[in-house]
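# Chain and residue survey
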Amino acid sequence: MNSLVVPKGLEGVIVDRTEISTTDQSGNLLYRGYRVVDLVEKLDFESVALLVLTGKIPDPEARSRFSDLLKTNSVIEGKVREIIRVLREPNIMNNLRSIVSLYPYKNRKNLDLLIEIASKFPSIIFYSDVAIRGWRDIEETGGTYAERLYRILTGRDDRENSKFFEKLLIMYMEHEFNSSTFALRVTASTLADPVCGITSALSALKGPLHGGANSEVLDYLLKFKSEDEAIRFIENKLSRKEKIMGFGHRVYKVKDPRAQYIKSQLKKLHGYDSVMKYAESIESYMWQERHIPVNLDFYGALYMNALGIEERFFLPVFASARVFGWSAHYIEQVSSNKIIRPQAQYVGPVGLKL
Ligand code: SDX
């Protein structure tokens, strides 16, 4: 069979079919055929997660069974807590990757195991934080997935803010063949178990060009005292050919619908006027001067900051939502599998003699 030479980074290359989600250049994002901007207004996180996992919007009974499952599975065993305590790893993403990779792969139904692993993310984040900052008396298991996670991150039971937070989790949940999802699918295509798949995805997500961008946005955004200062900073970085975190996208060349939605929600959170002004002037500068659109990580970082979530939790929040999208892709990959194994064009030396 003749080989096909494709652009570096598989840019613009369709490598497989999926029924889970789709994005298009004009900025629509569908989960299982529904526009995410509609889902986020009408359904809660548990219902959207079940839709992404199964392809169907759950009835109230199925939704509450799933919600109970996430709660009962959320507790992590004593020996795992002890490993986290001994590790004392300050980077929570490293803990998520290490603890998930240790997860005992019981010969179980893949979907049950994937849901069990996903349920543990909030508690792994909690005990990682406790190992570094000491015990905090937080009720770990009550409430919805978003309320639980928000309480663990901020120490606060705040229904209104948890609702805002839940919208961000839905936006982060799923995104077609992004790098971490594709890393998971390559792993799943070898028929490695779900624990291996999620571990691959967590590793890929950590990169600053992918999930790691949101933690770098605040490093620059909160220090400006004027719009001129903000634009000068961006101009200097661009002149040094440095990437502006929170901008650009492989698929969205006009707008990231998630960024625009979270920006609209951010405006409902108080006390953010000056930062929003600088943020919007950077957004319009990047579009007018470079035609580079803002992505979810830019306004997502500001949004989490406005909700009182510390920067070190930004990427673990992304992972705690995307683990449901990864789980759906694991199931889809193994359900009609062919091992993913591309070729390379050899450009190295030939005919060398020893
Ligand atoms: C996520 O794929 C997904 O769906 C990812 C994601 C998801 O939900 O899973 O949406 C989450 O990862 C969002 C992206 C977060 N990363 C960042 O914000 C990091 C900064 N962005 C860039 O690194 C870049 O835009 C990428 C990685 C996001 C996209 O890479 P592409 O597709 O290679 O970028 P491009 O082809 O549009 O860029 C063409 C040129 C670049 O040329 P190179 O230097 O790459 O050769 O445009 C310039 C640059 O010159 N450019 C930028 C830029 N993005 C593109 N210049 C400065 N700052 C930027 N952010």
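This section reports on the structure supplied with the text. Keep in mind that this is a model prediction, so the values were computed, not measured.

In this section: the pattern of salt bridges. Side chains that differ in sign of charge can pair as their charged atoms come close. Considering all chains together, one arrives at 25 salt bridges under this definition. Here Glu61 ties to Arg65 by a salt bridge, and the two come within 2.7 Å at their closest N and O atoms. A residue pair is termed a helical-turn pair when its members lie 3 or 4 positions apart in one helix, as Glu61 and Arg65 do in helix H3 (residues 60-72) at 4 residues. For the residue pair Glu61 and Arg65, the accessibility class agrees, reading exposed in each case. When salt bridges that share partners are traced, they join Asp129, Arg133, Arg136, Glu310 and Arg312 into one network.

With that settled, the discussion passes to the site of the ligand. Taken together, 23 residues surround the ligand, and among them His175, Phe247, His249, Arg250 and Arg258 come closest. Of the residues in the shell around the ligand, the class split is 8 nonpolar, 7 polar and 8 charged.

The next thing to look at is the side chain of Asp256. In this structure, Asp256 sits in the loop between helix H12 (227-239) and helix H13 (257-266). In this structure the side chain of Asp256 is engaged in a polar contact, spanning 3.0 Å, whose partner is the backbone nitrogen of Leu296. Beyond its immediate sequence surroundings of up to four residues, Asp256 is in contact with His249, Val294, Asn295 and Leu296.

Moving on, we get to helix H6 (residues 110-133). For H6, built from 24 residues, the straight-helix expectation of 34 Å at 1.5 Å per residue is met to within 8% by its first-to-last C-alpha distance of 35 Å. The largest bend in H6 is about 35°, located at Phe121, with the proline Pro122 one to four residues further on. Counting buried residues in H6 gives 19 out of 24 residues, a clear majority hidden from the surface. Positive phi shows up at Gly134, right after H6, with a value of about 90°.

Turning our eyes to something else, we now look at the side chain of Thr181. Looking at the element boundaries, Thr181 is found in helix H9 (residues 179-189). Discounting residues that sit within four places of it in the chain, Thr181 has contacts with Glu176, Arg322, Trp326 and His329.

Before going further, it helps to spend a moment on the packing of aromatic side chains. For the coordinates displayed, the defined rule picks out 16 aromatic pairs. On the numbers, 5.7 Å between centres and 50° between planes, the contact of Tyr150 with Phe165 is tilted. Here Phe165 lies in helix H8 (residues 159-172) and Tyr150 lies in helix H7 (residues 145-154), a separation of 15 residues in the sequence. With respect to burial, Tyr150 and Phe165 carry one shared label: buried. A network of ring pairs unites the aromatic residues Phe45, Phe66, Tyr145 and Phe324 as a single cluster.

It is worth spelling out unusual backbone geometry at this point. Excluding glycine, residues mostly have negative phi values, and the peptide bonds linking residues are mostly trans. Residues other than glycine seldom take positive phi values, yet Arg88 does so here, at roughly 45°. Residue placement: Arg88 occurs in the loop between helix H4 (78-87) and helix H5 (92-101). At Glu176, a residue that is not glycine, the phi angle is positive and equals roughly 55°. For Glu176, the location among the structural elements is in the loop between H8 and H9. Exposure remark for Glu176: the relative accessible area of 24% places this residue in the partly exposed category.

Residues Leu4, Val6, Leu10 and Val15 make up a contiguous nonpolar surface patch of roughly 350 Å² in combined accessible area. Along the chain, the position of Leu10 falls in the segment before strand S1 (21-24). Residue classification places Leu10 among the partly exposed residues on the basis of a relative accessible area of 37%.

The rules we used
- Sequence order as written defines residue numbering, which begins from 1 separately in each chain.
- In view of the model being predicted, local features appear only for residues whose pLDDT reaches at least 70, and side-chain atom pairs are presented and counted only at 80 or more, with totals across whole chains, interfaces and linings using the full set of residues.
- Note that the side-chain values use all heavy atoms of the structure and ignore hydrogens as well as water.
- Salt bridge criterion: a side-chain nitrogen from Lys or Arg within 4 Å of a carboxyl oxygen from Asp or Glu.
- In this text, helices come from DSSP runs of H or I with a minimum length of four residues, and strands from runs of E with a minimum of two, each type numbered from the N-terminal end.
- Partly exposed describes any residue whose relative accessible area lies between the buried limit of under 20% and the exposed limit of over 50%, with all areas from a 1.4 Å probe on protein chains only and scaled to the type maximum.
- One heavy atom suffices: a residue is near a molecule or strand as soon as one of its heavy atoms comes within 4 Å of it.
- All amino acids are sorted into three groups, where Ala, Val, Leu, Ile, Met, Phe, Trp, Tyr, Cys and Pro are nonpolar, Asp, Glu, Lys and Arg are charged, and the leftover types, Gly among them, are polar.
- Definition of a polar contact: a pair of N or O atoms within 3.5 Å, with one able to donate and the other able to accept a hydrogen when the atoms are protein atoms, and with sequence-neighbouring residues admitted only if both atoms are side-chain atoms.
- Only heavy atoms matter for contacts: two residues are in contact if any of them lie within 4.5 Å across the pair.
- Every helix has an expected span of 1.5 Å times one less than the residues it contains.
- Given a residue, its bend is the angle between the two axes fitted to the seven residues that end at it and to the seven that start from it.
- Between the rings of Phe, Tyr and Trp (Trp by its six-membered ring), a pair exists once the centres lie within 6.5 Å; its type follows the angle of the planes, with under 30 degrees stacked, over 60 edge-to-face, and the other angles tilted.
- Here, patches come from residues exposed beyond 30% relative accessible area and free of salt bridges, joined within 9 Å for like charges and within 5 Å for nonpolar side chains (Val, Leu, Ile, Met, Phe, Trp, Tyr).
- Method for areas: the Shrake-Rupley scheme with a 1.4 Å probe, in which residue coverage is limited to the protein chains shown.

By themselves, these figures tell us nothing about what the structure is for.
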